[in-house]
2 protein chains.
Amino acid sequence: MNKIITISRQYGSGGREIGAKLAEKLGIPFYDKELITRAAKESGFAEETFENVEKKATNSLLYSIAMGMRIYGNQETGYSHLSLDDQVFLVQSNIIRKVAMEGPCVIVGRGADYILRDIDNLVNIFIWADLEDRIERAIKDYGLEKDKAESEITKMDKGRINYYNYHSGKKWGRADNYHLSIKSNYLGTEDTAELITKFINGEKL
Amino acid sequence: MNKIITISRQYGSGGREIGAKLAEKLGIPFYDKELITRAAKESGFAEETFENVEKKATNSLLYSIAMGMRIYGNQETGYSHLSLDDQVFLVQSNIIRKVAMEGPCVIVGRGADYILRDIDNLVNIFIWADLEDRIERAIKDYGLEKDKAESEITKMDKGRINYYNYHSGKKWGRADNYHLSIKSNYLGTEDTAELITKFINGEKL
């Protein structure tokens, strides 16, 4: 197995959990928040800056305008002619490329499928689920309040979609962006991870 | 296994072949052109009328205009207040619902995922492939000329997309329309059909 696996996912679909299980089954590193922390430390950005990027992208138009404004930020990165968010995207892209160079791994989110698009051994996975299932998970695992869960999910999805579409120029969530897309509440997270493992290790079928 | 399985597919992706293999593995009926012939015979339409529907839909705007014109057609169907294409869609929808009522089956194309959206035991699959792979298949299996294959594939896809989007009001090819979406040239048609079988028969994982 010599694959770099990216996981894109709807908020609350269990994509992160499935990615972690997949990495465990394949015996390869898993990158998510960890990746951001590493990026933040290496680049000198405050960790919060990275966390705010997707939140700011909840409104597509405002996000594009903000990007257009190019608020000059951190001088240390060598990207000081870019807006802070564009700098963050470039620093993250560099980190993602760096970990991909180190060998097989699973990377969740951050537009890694787009950033690594030229890599031969890339496998892109998309995870989604019914809204009711996502609401349930958001309440149980992320501690969202019941009456705010749906609007929070919509907001988080919008952030991911706008962030991805803005930086990649592609459409997030189109089936033909991903080698495999799965509705996670059909089999559940465990068997979904198992099926993805079978897909990646094609020879075992 | 008590599932109604629909297959949506890019032209030349091998989706029809995968659907046929899947039906064979599951031991259930497979409907494609067969379905159209049956529909045509039962409804009194000429078979060619059904075949032309997707071809006409290659231009989204023209198609919408043509649908809006509602050319009054066949009086026999009871849909004579609708355009000919809308009548064909309704007759096809009725046939698709009828075969789904008969029991588990695999239905390829014709917007069956949308038509059967209210059925509990529905499983929607999407098949796509790299353009080079689709060109190769179109030349080998469908006898397309080498220098015309790419434009023919684009035209066929457009027809399917416009036909689906017009009648369903949804977006064709979005990952969250389908329980499972697969790039067929990652594993090849045989193993792709095998993986879908594993997905559908979840308990075996």
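All figures in this text were calculated on a predicted structure; none of them were measured in a lab. Sequence order sets the numbering: in each chain, residues are counted from 1 along the sequence as written. Going through the entries in the order they are written, you letter the chains from A and number the ligands from 1. At least 70 in pLDDT is required for a residue's local features to be given in this predicted model, at least 80 for side-chain atom pairs to be given and counted, and no such filter applies to totals for whole chains, interfaces and linings, which use all residues. To get the side-chain values, all heavy atoms of the structure are used, and hydrogens and water are removed first.

A short note on the pairing of strand β5 (residues 180-183) of chain A
Residues and elements named next belong to chain A. Stated formally: Throughout, exposure labels follow a simple rule: accessible area from a 1.4 Å probe, protein chains only, divided by the maximum for the residue type, with under 20% read as buried, over 50% as exposed, and the rest as partly exposed. Per the convention used, a helix needs a DSSP run of H or I reaching at least four residues, while a strand needs a run of E reaching at least two, with both numbered from the N terminus. Strand pairing follows a simple DSSP-based rule, namely that at least 2 bridges must link the two strands.
Here β5 shows two buried faces, one formed by Leu180 and Ile182 and the other by Ser181 and Lys183. Of the pairings in the sheet, the one linking strand β4 (residues 122-128) to β5 comprises four bridges and is parallel in character. Looking at the pairing, Ile125 lines up with Leu180 of β5.

Some points on the pattern of salt bridges
Residue and element names in this part refer to chain A. We apply this condition: Salt bridges are defined as contacts in which a side-chain nitrogen from Lys or Arg sits within 4 Å of a carboxyl oxygen from Asp or Glu.
According to the stated counting rule, one finds 23 salt bridges over all chains in the structure shown. When the shortest N-O distance is used, the salt bridge between Lys21 and Glu17 registers 4.0 Å. With a gap of four residues between them, Lys21 and Glu17 both fall in helix α1 (residues 15-26), about one helical turn apart. We classify Lys21 as partly exposed; its relative accessible area is 22%. The class for Glu17 is partly exposed, based on a relative accessible area of 31%. In the salt-bridge network here, residues are joined through shared partners; they are Glu17, Lys21, Lys25, Glu190, Glu194 and Lys198.

Thoughts on the relation of the copies chain A and chain B
Taken together, a rotation about one axis and a shift along it account for how the two chain copies relate. This is how it is decided: To line up the copies, we fit them by least squares on C-alpha atoms, keeping just the residues with pLDDT of at least 70 in both. In what follows, a contact means two residues having at least one pair of non-hydrogen atoms within 4.5 Å.
Rotating chain A by 180 degrees and translating it 0.0 Å along the rotation axis places it on chain B, where the RMSD comes to 0.0 Å. Taken together, these values place the two copies in the relation of a two-fold axis. Here 100% of the contact residues of chain A are again contact residues in chain B; the copies associate through an equivalent surface.

Quick word on the interface of chain A and chain B
Accessible area lost during the coming together of the parts is what is often quoted as the interface size. Applicable threshold: Buried area: the accessible area, evaluated with a 1.4 Å probe, that two parts lose upon being put together, summed over both parts. Only Asp, Glu, Lys and Arg are considered charged in this grouping, and only Ala, Val, Leu, Ile, Met, Phe, Trp, Tyr, Cys and Pro are considered nonpolar; every other residue, Gly among them, is considered polar.
With 25 residues of chain A at the interface, the matching set in chain B holds 25 residues. Between chain A and chain B, roughly 2300 Å² of surface is buried when both sides are summed, and carbon and sulfur atoms account for 68% of that area. Counting the contacts that link chain A with chain B gives zero salt bridges. Contributions of two or more residues to the side of chain A that touches chain B are made by β4, β5, α9 (184-187) and α10 (189-200) of chain A. If you tally residues by element for the side of chain A that touches chain B, the top one is α10(A), at six residues. Here the residues of the side of chain A that touches chain B are counted per class, giving 13 nonpolar, five polar and seven charged. Pairing of β5(A) with strand β5 (residues 180-183) of chain B, which is carried by three bridges, proceeds in the antiparallel orientation. Its bridge partner lying in β5(B), Ile182(A) is registered against Leu180(B).

A short note on the packing of aromatic side chains
This is how it is decided: Here a pair means two rings of Phe, Tyr or Trp (six-membered ring of Trp) with centres within 6.5 Å. Their orientation is stacked below 30 degrees between planes, edge-to-face above 60, and tilted elsewhere.
Evaluated as defined, the whole model comprises 10 aromatic pairs over all chains. Between Phe89(B) and Tyr163(B) the ring centres are 6.0 Å apart and the planes differ by 70 degrees, which places this aromatic pair in the edge-to-face class. Residue Phe89(B) is found in helix α5 (residues 84-102), and its partner Tyr163(B) is found in helix α8 (residues 146-168); the two are separated by 74 residues along the sequence. Each member of the pair, Phe89(B) together with Tyr163(B), is buried. A network of ring pairs unites the aromatic residues Phe126(A), Trp172(A) and Tyr178(A) as a single cluster.

Description of the side chain of Thr192(B)
Relative to the elements of secondary structure, Thr192(B) occurs in helix α10 (residues 189-200). Overall, Thr192(B) belongs to the buried group, its relative accessible area being 0%.

A closer look at the sheet that holds strand β1 (residues 4-9) of chain B
The condition that has to hold: Angles run from 0 to 180 degrees between N-to-C directions of axes, and those axes are lines fitted to C-alpha atoms, restricted for helices to the stretch in contact.
Taking strand neighbours across the sheet as the criterion, the 10 strands line up as β2(A)-β3(A)-β1(A)-β4(A)-β5(A)-β5(B)-β4(B)-β1(B)-β3(B)-β2(B) in an open arrangement whose pairing is mixed. Strands with a single pairing partner mark the edges of an open sheet, and in this sheet they are β2 (30-31) of chain A together with β2 (30-31) of chain B. Lying over the sheet, helix α5 (residues 84-102) of chain A contacts β1 (4-9), β2 and β3 (105-108) of chain A, oriented at roughly 160 degrees with respect to β3(A).

Side note on helix α7 (residues 131-142) of chain B
The α-helix advances 3.6 residues per turn, and as a result positions three or four apart in sequence lie on the same side. Residues and elements named next belong to chain B. This is how the line gets drawn: To be clear, the arc concerns the directions from the helix axis to the C-beta atoms.
Listed as buried for α7 are Arg134, Ile135, Arg137 and Ala138. Buried residues in α7, looked at end-on, bunch into an arc of 165 degrees, giving them a common side. Counted as exposed and oriented over 90 degrees from the buried face of α7: Glu132, Glu136 and Lys140. For α7, the secondary structure elements touched by its buried residues are α1 (15-26), α8 and α10. Once α7 finishes, Gly143 follows within two positions and takes phi at roughly 70 degrees, a positive value.

A short note on the confidence of the model for chain A
All names here are of chain A. Applied cut-off: Note on scores: pLDDT gives the predictor's confidence for each residue, bounded by 0 and 100.
Per-residue confidence for chain A gives a mean pLDDT of 84, with 78% of residues at or over 70. Mean pLDDT across the elements of chain A ranges from a minimum in helix α4 (residues 60-69), with 61, to a maximum in β5, with 98. Low confidence marks residues 70-75, where pLDDT is under 50. Its contacts with residues over four positions away, or in another chain, come to 19 contacts. In the model output, the complex is listed with pTM 0.84 alongside ipTM 0.81.

Observations regarding the environment of Asp120(B)
Residues and elements named next belong to chain B. Following the sequence through the fold, Asp120 ends up in the loop between α6 (112-115) and β4 (122-128). A relative accessible area of 80% means that Asp120 is categorised as exposed. Taking the C-alpha atoms as reference points, Asp120 and Ile4, separated by 116 residues in sequence, lie 9.1 Å from one another.

Here's the deal with unusual backbone geometry
Residue and element names in this part refer to chain A. Unusually for a residue other than glycine, Arg110 sits at a positive phi of about 60 degrees. Considering the arrangement of structural elements, one finds Arg110 in the loop between β3 and α6 (112-115). Taking the relative accessible area as the measure of exposure, Arg110 reaches 10% and is therefore buried.

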